[in-house]
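Architecture and fold: a report
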Amino acid sequence: MTVHWCGTGLSAIPGLRRLLAERDDVAVWNRTEGKARDTVGDLTGDIRAFSMEVLAEALAAEDVVVSMLPADQHVPLAELCLEKGAHFVSSSYISPEMRALDGAAKEKGLRFVNEVGLDPGIDHLMAHWLMADYRASAAFSPDNVLSFISYCGGIPKEPNAFRYKFSWSPLGVLKALKSPSVSIRSHSELRVSRPWDALSRYDAPLDPPESFEVYPNRDSLPFMAEYGFEPGWRVKDFVRGTLRLNGWADAWKDVFAEVEALEGKPEADVRLREMADDFWDKHAYAEGEPDRVVLCVALQAEAEGVPVYHKTYVMDAWGDARGSAMARLVSDTVALAVEAVHAHEIQTGVTAAPSDEKLVLRWLDRVNTTAQHLMVVDHLTR
């Protein structure tokens, strides 16, 4: 078996370096071989120029393809894996096109694992842990009223006036500002066209406690079933969202106004690229400057208006001598998925981060060595 790791961008390096240090069956593919050699050439000489055609010639049955390439490459790579009888891993959300490959992958006994980065990825593990813990507790009852939140954000370790910094192209962040979201708030479905229309405050139980601005993103509702919420359960709140430093909305108000004004205009894409280039010049991380990642996933159950279960899984990580926090957390979880696929510990078909208790505990234990702060806060015993 060969692991074909495709893409050596900033978010790929720590996990790739760990695999290279521990295994001798990893082939590194990148569009620019020189860039790959700069980052991992001290660990391997097996660095290849990526193209779908050349990869197809090298790919064999039971190999594993890791895609750390742009999202539009994931499905073509997964389709190639189907053709060759190989497995597939990516950190990205499962698209409808990827989901459509589930039946064919199962028929061939292949594992197509996605959503195994930071968010999505580690957040899923925390949610699965909380749900298993709640179900095993004396507080569990299908009649309880449940509230679930999951907020994750990459933020500067040293806050700046813009209240944000960029590790890579800002274009993706700007485009995300145009994305609608669906969540549940106060027992009702909340649909929001723009993030700044649903901003709220979140007090994170860090040490010491810290407040942030948060907003829902994407469609949270499919994750209710993913996390084990059953039909008929009473759900007061369910939101997966983004976390930002306090003051972010005020610092970005002119950005919001321009993004909104550009909607539907033919020059929108060009202008967004211009804005992205300007932000990269002004607000990119400097070489060696530490970033920070905060992730909080919480589950609360109430019986007759009284909390009977309320725990938050909290993570705080920042860049250090090992590199950026974001890169460590994304790529190391991807590396864990590669190992689990090789060991046949993940079911066949198209899947997200595992809910299996053994894997959840093992992976979170690994996160504990990657992040500087990881703990479960029980709000009812504090």
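Scroll up for the structure.
Residues numbered from 1 in each chain as written. Predicted model: local features only at pLDDT ≥ 70, side-chain atom pairs only at ≥ 80, totals over all residues. Heavy atoms only, no water.

**Here we look at the overall build of the protein**
Just so we agree on the cut-off: A run of H or I in DSSP becomes a helix once it reaches four residues, and a run of E becomes a strand once it reaches two; helices and strands are each numbered from the N terminus. In this setup the radius of gyration rests on C-alpha atoms only. A globule is expected at 2.2 Å times the number of residues raised to 0.38. Partly exposed describes any residue whose relative accessible area lies between the buried limit of under 20% and the exposed limit of over 50%, with all areas from a 1.4 Å probe on protein chains only and scaled to the type maximum. Residue contacts are counted whenever heavy atoms from the two residues lie within 4.5 Å of one another. Areas reported as accessible are Shrake-Rupley estimates using a 1.4 Å probe. Residue values count occlusion only from the protein chains shown. Charged-residue counts in this description rest on Lys and Arg as positive and Asp and Glu as negative, His and the chain ends being excluded. Where a charge sits is defined by one atom per residue type, namely NZ (Lys), CZ (Arg), CG (Asp) or CD (Glu).
Within the protein, the regular secondary structure consists of 14 helices and 16 strands. Here the C-alpha atoms of the protein give a radius of gyration of 21 Å, agreeing with the 21 Å that 2.2 N^0.38 yields for 382 residues. Burial analysis of the protein (382 residues in total) assigns 54% to the buried set. When contacts within the protein are restricted to residue pairs at least 6 apart in sequence, long-range pairs at least 24 apart make up 69% of them. Counting every atom, the protein has about 16,800 Å² of accessible surface; 49% of that belongs to carbon and sulfur. Put simply, the protein has 40 plus and 58 minus side-chain charges, and the middle of one group is 1 Å from the middle of the other.

**Considerations on the environment of Pro 195**
Turning to its location among the elements, Pro 195 is positioned in the loop between strand S9 (188-192) and strand S10 (200-204). Here the alpha-carbon distance between Pro 195 and Asp 254, two residues 59 residues apart in the chain, equals 14 Å. With near-sequence residues (within four places) excluded, Pro 195 lies in contact with Ala 176, Leu 177, Ser 179 and Tyr 215.

**Re the sheet that holds strand S1 (residues 3-6)**
Rules: One bridge is not enough; two strands pair if DSSP finds at least two bridges between them. To define axes, lines are fitted to C-alpha atoms, for helices over the stretch in contact only, and angles between the resulting N-to-C directions are given on a 0 to 180 degree scale.
Read across the open sheet, the seven strands follow the order S3-S2-S1-S4-S5-S6-S15; overall the sheet is parallel. Each edge of the open sheet carries a strand with a single partner, namely strand S3 (47-49) and strand S15 (349-351). Taking each pair of neighbouring strands and ignoring which way they run, the sheet shows an average axis angle of 20°. Both strand S4 (residues 64-67) and strand S5 (residues 87-90) contribute to a ladder of four bridges, which runs parallel. The partner of Val 65 across the bridge, within S5, is Phe 88. The strands that helix H1 (residues 13-22) touches are S1 and strand S2 (26-30); relative to S2, the one it contacts most, it runs at about 150°.

**With respect to unusual backbone geometry**
Note the cis peptide between Asp 119 and Pro 120, where omega equals 15°. Between Asp 207 and the following residue, Pro 208, the backbone shows a cis peptide bond with an omega angle of 5°. Following the sequence through the fold, Pro 208 ends up in the loop between S10 and strand S11 (210-216). Positive phi, close to 65°, is recorded for Arg 163, a residue that is not glycine. Relative to the helices and strands, Arg 163 is located in the loop between strand S7 (145-156) and helix H8 (171-176). One non-glycine residue, His 187, lies in positive phi territory at about 75°.

**Observations concerning the packing of aromatic side chains**
Worth spelling out the cut-off: For Phe, Tyr and Trp, where Trp contributes only its six-membered ring, two rings pair if their centres lie within 6.5 Å, and the inter-plane angle classes them as stacked under 30 degrees, edge-to-face over 60, or tilted in between. The rule is short: NZ of Lys or CZ of Arg within 6 Å of the ring centre and within 35 degrees of the ring normal puts a charge over the ring.
Across all of its chains, the model carries 26 aromatic pairs by this definition. When the ring of Tyr 164 is compared with that of Trp 252, the centres are 5.8 Å apart and the planes differ by 90°; the resulting orientation is edge-to-face. In this pair, Tyr 164 sits in the loop between S7 and H8 while Trp 252 sits in the loop between helix H10 (248-251) and helix H11 (253-262), placing the two residues 88 residues apart along the sequence. Accessibility classification places Tyr 164 together with Trp 252 in one group, the buried group. Centroid distance Phe 166 to Trp 252: 6.3 Å. Interplanar angle 45°. Geometry classified as tilted. Of this pair, Phe 166 sits in the loop between S7 and H8 while Trp 252 is found in the loop between H10 and H11, placing the two residues 86 residues apart along the sequence. For Phe 166, a relative accessible area of 2% corresponds to the buried category. Taken together, the ring pairs in this structure connect Tyr 93, Tyr 134, Phe 140, Phe 148, Phe 223, Tyr 227, Phe 229, Trp 233, Phe 238 and Tyr 309 into an aromatic cluster. Cation over ring: Arg 240 sits above Phe 223, and NZ or CZ is 4.1 Å from the ring centre. Over the ring of Trp 248 we find Arg 244, and its NZ or CZ is 5.8 Å from the ring centre.

**Some points on the pattern of salt bridges**
Put simply, the rule reads: A side-chain nitrogen of Lys or Arg and a carboxyl oxygen of Asp or Glu constitute a salt bridge if their distance falls within 4 Å.
Taken as a whole and judged by the stated rule, the model has 28 salt bridges. The shortest N-O distance in the salt bridge between Asp 25 and Arg 23 comes to 2.9 Å. Taken individually, Asp 25 and Arg 23 each receive the classification buried, so the pair is uniform in this respect. Note that Asp 46 and Arg 48 form a salt bridge whose closest N and O atoms lie 2.7 Å from each other. One continuous salt-bridge network, built from bridges that share partners, spans Arg 18, Glu 22, Asp 332, Glu 339 and Arg 366.

**Some details on the side chain of Asn 114**
Condition: Between N or O atoms, a polar contact is any pair within 3.5 Å; within protein, one atom must be a potential hydrogen donor and the other a potential acceptor, and residues adjacent in sequence are included only when both atoms are from side chains.
Residue placement: Asn 114 occurs in the loop between strand S6 (111-113) and helix H7 (122-135). Look at Asn 114 and you get buried, because its relative accessible area is 1%. Here the side chain of Asn 114 touches Ser 90 through a polar contact of 3.1 Å, side chain to side chain. In this structure Asn 114 touches Phe 88, Ser 90, Ser 92, Ile 94, Met 98, Val 350, Thr 351, Ala 352 and Ala 353, once residues within four positions along its chain are discounted.

**Focus on the environment of Ala 27**
Along the chain, the position of Ala 27 falls in strand S2. Look at Ala 27 and you get buried, because its relative accessible area is 0%. In contact with Ala 27, not counting residues within four places along its chain, are Thr 2, Val 3, His 4, Trp 5, Asp 46 and Arg 48.

**As for the environment of Val 360**
Inspection of the secondary structure assignment puts Val 360 in helix H14 (residues 357-370). The class for Val 360 is buried, based on a relative accessible area of 3%. With 158 residues separating them in the primary sequence, Val 360 and Tyr 202 have C-alpha atoms 26 Å apart. Discounting residues that sit within four places of it in the chain, Val 360 has contacts with Leu 125, His 128, Trp 129, Pro 354 and Ser 355.

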